[in-house]
Amino acid sequence: MQRPPMEDFALKETKPHLGGGKVTGDKLTSTYDLVEQMQYLYVRVVKAKDLPAKDVTGSCDPYTEVKLGNYKGTTRHFEKKTNPEWNQVFAFSKDRLQASMLEVTVKDKDVVKDDFIGRVLFDLNEVPKRVPPDSPLAPQWYRLEDRHGNKVKGELMLAVWMGTQADEAFPEAWHSDAAAVSGADGLANIRSKVYLSPKLWYLRVNVIEAQDLMPGDKTRFPEVYVKAILGNQALKTRISMSKSINPMWNEDLMFVAAEPFEEPLILSVEDRVAPNKEEVLGRCAIPLQYVDRRLDHKPINSRWYNLEKHIIVDGEKKKEIKFASRLHMRVCLEGGYHVLDESTHYSSDLRPTAKQLWKSSIGVLELGILNAYGLSPMKTKDGRATTDAYCVAKYGQKWVRTRTIIDSFTPKWNEQYTWEVFDPCTVITIGVYDNCHLHGGGDKNGGARDARIGKVRIRLSTLETDRVYTHSYPLLVLSPSGVKKMGEIHLAVRFTCSSLLNMMHMYSQPLLPKMHYIHPLTVTQLDILRHQATQIVSMRLSRAEPPLRKEVVEYMLDVGSHMWSMRRSKANFFRIMGVLSGLIAVGKWFDQICNWKNPITTVLIHILFLILVLYPELILPTIFLYLFLIGVWYYRWRPRHPPHMDTRLSCADNALPDELDEEFDTFPTSRPNDFVRMRYDRLRSIAGRIQTVVGDLATQGERLQSLLSWRDPRATALFVIFCLVAAIVLYVTPFQVVALLAGFYVLRHPRFRQKLPSVPLNFFRRLPARTDCML
């Protein structure tokens, strides 16, 4: 496979005309200034009155048709109503105007042919312009005319004006470029919308003990545990060690709950009477609306909850009775944590759940979604390839979705959105998708899924404040056939800081709320809870109208990024080597100094070393001054563009087909046994190398521990005697002399060196480790 040139995957800076002017990098002052202005002709059809009846029954089923050249939009029709109210807005792009006259016609719906009632004509040269924040144009009554210009019975209330996409009517308007979409469901699926993530809480259930349980079999010790269910989340405690009717656990169970709380927490005490058989000894349901909310680390009061039990009467009928068994628990909603629903590497929000703990915002993030070009065809419609693209941007709890541009490989959105910023070390994510739900009414479309075209991430801390960044970002998607460029998206981004002092202060604060450090959750807990949080968010947003679909939300939240990938593992290994390369380079340089490869440099190092030893107070100032000079020197090569997806860093440009096939395989696998066996053997070989490296690191650590453990009595005795002699020598010898002798010994000339390892290294390698005890 031939690699595409790296320039195709690079970021490109642009100079678009935003807000009517050219961007220079300075802050612009006009509203809606991060996008190019798009002119639209708006027609608001409000209502009609005194319409005449056209059919033999004396009734009228009116609707309005708005026509401009080849574009035609219609309102819904009313049955048997002479005074209908529509209040619908139509928008015609000025770039596509094909006529000089606007025709608004009122018709009567009929079975064979709709009857003409009357019309109103407008000369586009006479249409007024409106620029927000001007108030909306007031609609007026217009007398209907026939096709010859004569007045007829009936009036129509209209408002016609020229405006931009900043108009309040823009989001809900019928657009001429979406004329092919029919039906209310189809129109709802193409309009721009703003969504809010549900408010997420961690629910902590501290199961303490139970009292007076009544097991069915009195002849055995009960093996009792507590099972807790919240929605599709289910957790169990361990089996109580006190095998009695008053068992104890004192164990925490953690769940994710979302407001508004729809389902109660259901707890059941169960007895394992056989390996695959449990007996329910009692259960209770706790509505989350009445659960205590904890904002700090102070414990809340525990409570006793009465358990209920189901019994079967006459073999069928179930009856619920209350009895004396009780469950002792602390149940609370944790408001001091931030519920992680995103990858920790790409978090857009780090605030705790409880609003009382939020700090004031430090700035504003503005995003202008301009356009895209060179998009790949995503589907076939009427025998030709096409793409219906829209964008989704996610930052904090706010999701935005642009309108869908129908049948275009170069869509122009020019929509602008704003978010409050509470932490600069956060990331905004922008995804581009192909809308597959335009025809057939939403989910009736055969279970179609919106196809991903690409994704962009921008970290706010990499942006200069009050500067407008206008770049074209490549849209890259990794598929089983390799990395592919799906097009480019053009964005304008500005991060405005309200207080530089507050933002600088954020760098001294913990990244997460303090409850994450006072009562930390385990890595396993966080993984499970994050999975539950993403499922809840995707489910809630998919129930909105129009829905933000599950596949879109999961792609934005990086669900599945924790799955095994050979490509990603190699990329992380090379990242580690890149980090260590600096230390390795310093080590090689110092080895050349010690071996006198360049005698002049070695002599200079001797002089510097002599000065620092004689004047040790200069060591720290010299180090910090050196770091300062390096930082100032690198300022010349500071990054000028936001960071973007790097295919070479991700090892996506040279990944093998089998590795990509493994990465895109389902879990559990759907591949034949031969493929799975081959991959398993390869994984074992790689894991064996990792196992060896980890074992070597553990061995070195255990050798350090064995210096004083007397595991090898002779080695420990030698080390202890050496420590005593060294202490006496260091007491009577000035530190400068010791440092000089040690430094000159390390920097000695090669003729005084030998190829064999040094005595300390030989001694260390002979120390015992616990590898002898390994099976």
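Residues numbered from 1 in each chain as written. Predicted model: local features only at pLDDT ≥ 70, side-chain atom pairs only at ≥ 80, totals over all residues. Heavy atoms only, no water.

## Section: the overall build of the protein
Then step 1. A count of helical and extended segments in the protein gives 13 helices and 32 strands.
Then step 2. The C-alpha atoms of the protein give a radius of gyration of 36 Å, which is well past the 28 Å a tight globule of 775 residues would have.
Then step 3. Residue pairs at least 24 apart in sequence account for 70% of intrachain contacts in the protein once pairs closer than 6 positions are excluded.
Then step 4. Charged side chains of the protein number 103 positive and 86 negative; the gap between the two group centres comes to 5 Å. (Helix = DSSP H or I, 4+ residues; strand = E, 2+ residues; numbered from the N terminus. Rg over C-alpha atoms; globule rule 2.2 N^0.38 Å. Contact = heavy atoms within 4.5 Å. Lys, Arg positive; Asp, Glu negative; His and termini not counted. Charge placed at Lys NZ, Arg CZ, Asp CG, Glu CD.)

## Notes on the packing of aromatic side chains
Then step 1. Per the counting criterion, the structure on display carries 14 aromatic pairs.
Then step 2. When the centroid spacing of 6.0 Å and the interplanar angle of 85 degrees are considered together, the rings of Y433 and Y555 count as edge-to-face. Of this pair, Y433 sits in strand β29 (residues 427-434) while Y555 sits in helix α5 (residues 550-556), placing them 122 residues apart in sequence. As far as burial versus exposure is concerned, Y433 and Y555 are alike and both buried.
Then step 3. Each residue in the set Y40, Y42, W161 and F170 is aromatic and connected to the rest through ring pairs, giving one cluster. (Phe/Tyr/Trp six-rings, centres within 6.5 Å; stacked < 30°, edge-to-face > 60°. Buried < 20%, exposed > 50% of the residue type's maximum accessible area, 1.4 Å probe, protein only.)

## Regarding the pairing of strand β19 (residues 277-286)
Then step 1. For strand β18 (residues 265-274) and β19, the ladder comprises nine bridges, and the chain directions are antiparallel. For V269, the partnering residue across the bridge sits in β19 and is G282.
Then step 2. Hairpin connection of β18 to β19: two residues between the antiparallel strands. (Pairing = 2+ DSSP bridges.)

## So, helix α12 (residues 735-746)
Then step 1. Look at α12: 17 Å from first C-alpha to last across twelve residues, which is about the 16 Å you get at 1.5 Å a residue.
Then step 2. In the core, the buried residues of α12 are packed alongside α7 (599-614). (Expected span 1.5 Å × (residues − 1).)

## What about the pairing of strand β4 (residues 39-49)?
Then step 1. Direction of pairing for β4 relative to strand β11 (residues 151-164): antiparallel, over a ladder of ten bridges. The residue of β11 that forms the bridge with Y40 is G163.
Then step 2. Of the strand pairs in this sheet, β4 and strand β7 (residues 85-93) are connected by seven bridges, and their pairing is antiparallel. Considered in β7, the bridge of V43 is made with F90.

## Some words on the UniProt feature "transmembrane region" (unreviewed entry) in the protein
Then step 1. When the UniProt feature table is mapped onto this chain, "transmembrane region" (unreviewed entry) is found at residues 573-590, 602-635 and 717-747.
Then step 2. Taken as a whole, residues 573-590 contains 100% helix and 0% strand, while its terminal C-alpha atoms sit 25 Å from one another.
Then step 3. The annotated region residues 602-635 carries 85% helix and 0% strand content, and the separation between its end C-alpha atoms amounts to 30 Å. (UniProt positions renumbered as here; feature names shortened; annotations may be inferred.)

## Some points on the environment of H644
Then step 1. One can find H644 in the loop between α8 (619-634) and α9 (657-663).
Then step 2. Not counting chain neighbours up to four residues away, the residues in contact with H644 comprise L11, K455, V456, Y473 and P474.
Then step 3. A polar atom in the side chain of H644 sits 3.0 Å from the backbone oxygen of P474. (Polar contact = N/O pair within 3.5 Å; in protein donor to acceptor, adjacent residues only side chain to side chain.)

## What to know about the sheet that holds β29
Then step 1. Pairing is antiparallel in the open sheet, where five strands are placed in the order β13-β27-β26-β29-β30. Only two strands of the sheet have a single partner each, and these edge strands are β13 (193-196) and β30 (451-459). Averaged over all adjacent pairs, the angle separating strand axes in this sheet is 20 degrees, with direction ignored. (Axes fitted to C-alpha atoms, helices over the stretch in contact; angles between N-to-C directions.)

## Remarks on the sheet that holds strand β23 (residues 363-373)
Then step 1. As summarised here, the arrangement of the five strands in space is β1-β31-β32-β23-β28, forming an open sheet in which the pairing is antiparallel. Only two strands of the sheet have a single partner each, and these edge strands are β1 (12-13) and β28 (412-421).
Then step 2. Looking at chain direction, strand β31 (residues 468-479) and strand β32 (residues 482-497) are connected through twelve bridges and run antiparallel. Within β32, the residue paired with Y469 across the bridge is V493.

## Quick word on a nonpolar patch on the surface
Then step 1. Where nonpolar side chains cluster on the molecular surface, the patch consists of I600, V603, L604, I607, L610, I611, L614, Y615, L618 and F744 and spans about 900 Å² of accessible area.
Then step 2. With seven residues, the top contributor of residues to the nonpolar patch is α7.
Then step 3. Locating L614 in the fold gives a position in helix α7.
Then step 4. For L614, a relative accessible area of 44% corresponds to the partly exposed category. (Patch = residues over 30% accessible without salt bridge, like charges linked within 9 Å, V, L, I, M, F, W, Y side chains within 5 Å. Areas by Shrake-Rupley, 256 points an atom, 1.4 Å probe, with all protein chains shown as cover. Salt bridge = Lys/Arg side-chain N within 4 Å of Asp/Glu carboxyl O.)

## Concerning the confidence of the model for the protein
Then step 1. Within the protein, residue pLDDT values average 84, and 93% of them lie at 70 or more.
Then step 2. Highest mean pLDDT in the protein belongs to strand β26 (residues 389-395) (95); lowest belongs to strand β3 (residues 21-22) (52).
Then step 3. With pLDDT under 50 throughout, residues 440-444 is counted as low confidence; its partners more than four residues away or in other chains account for seven contacts. (pLDDT = per-residue confidence, 0-100.)

## What to know about the side chain of R494
Then step 1. Secondary-structure assignment places R494 in strand β32.
Then step 2. A polar contact of 3.2 Å, which involves the side chain of R494, links it to the side chain of D33.

## A word on unusual backbone geometry
Then step 1. Cis geometry is adopted by the peptide bond preceding P260, which originates at E259 and carries an omega value of -5 degrees.
Then step 2. Mapping P260 onto the fold places it in the loop between β17 (248-258) and β18.
Then step 3. Note that the residue after E545, namely P546, is joined by a cis bond; omega there is 0 degrees.
Then step 4. Relative to the helices and strands, P546 is located in the loop between α4 (523-542) and α5.

## Section: the environment of Y337
Then step 1. One can find Y337 in the loop between β22 (317-334) and β23.
Then step 2. A residue is classified by how much of its surface remains accessible, and Y337, at 0% relative accessible area, is buried.
Then step 3. The spacing of Y337 and L350 is 13 residues in sequence and 9.2 Å in space, taken between C-alpha atoms.
Then step 4. Separated by 2.6 Å, the side chain of Y337 and the backbone oxygen of H519 make a polar contact.

## Observations regarding the domain arrangement of the protein
Then step 1. In terms of domains, the protein is made up of domain 1 (39-191), domain 2 (199-334), domain 3 (359-557) and domain 4 (566-773).
Then step 2. Centre-to-centre, using C-alpha coordinates, domain 2 lies 40 Å away from domain 3.
Then step 3. Each partner contributes to the interface: domain 2 provides 17 residues, whereas domain 3 provides 14 residues.
Then step 4. Together, the buried faces of domain 2 and domain 3 total about 1300 Å²; carbon and sulfur atoms form 62% of this surface. (Domains from an automatic or database assignment. Buried area = accessible area lost by both parts, 1.4 Å probe.)

## A word on the side chain of H328
Then step 1. For H328, the location among the structural elements is in strand β22.
Then step 2. H328 sits in the buried class, given a relative accessible area of 12%.

## Comments concerning the pattern of salt bridges
Then step 1. Taken as a whole and judged by the stated rule, the model has 35 salt bridges.
Then step 2. For R494, the salt bridge is made with E366, and the minimal N-O distance between the two is 2.9 Å. Taken together, the residues span a long stretch of sequence, with R494 in strand β32 and E366 in strand β23 at a distance of 128 residues. Taken individually, R494 and E366 each receive the classification buried, so the pair is uniform in this respect.
Then step 3. Residues D558 and R457 are paired through a salt bridge, measuring 2.9 Å at the closest nitrogen-oxygen approach. Note that D558 is positioned in the loop between α5 and α6 (566-594) and R457 in strand β30, a separation of 101 residues in sequence.

## Remarks on the nonpolar core
Then step 1. In terms of nonpolar packing, the biggest core is built from 37 residues, with L367, W419, I428, I458, I489 and L491 touching the most fellow members.
Then step 2. Where this core is concerned, the elements lending two or more residues are β23, β26, β28, β29, β30, β31, β32 and α2 (500-506).
Then step 3. Ranked by the residues each element gives to this core, the list is headed by β32, at six residues. (Core = buried A, V, L, I, M, F, W, Y, C linked by side-chain atoms within 4.5 Å.)

## Thoughts on the packing of α7 against α12
When two helices pack together, you describe them by how their axes are tilted relative to each other and by the distance separating the axes.
Then step 1. Contact geometry of α7 with α12 gives a least axis separation of 9 Å together with a crossing angle of 160 degrees. Taken together, α7 and α12 sit at an angle that is classed as roughly antiparallel. For the crossing formed where α7 meets α12, the hand is right-handed. Contacts between α7 and α12 involve H606, F609, L610, V613 and L614 from the first element and Q736, A739, L740, G743 and F744 from the second.
Then step 2. The residue makeup of the contact of α7 with α12, split by class, is seven nonpolar, three polar and no charged. (Parallel < 35°, antiparallel > 145°, perpendicular 65-115°, else oblique. Left-handed = near helix turned anticlockwise from the far one by under 90°. Nonpolar A, V, L, I, M, F, W, Y, C, P; charged D, E, K, R; others polar.)

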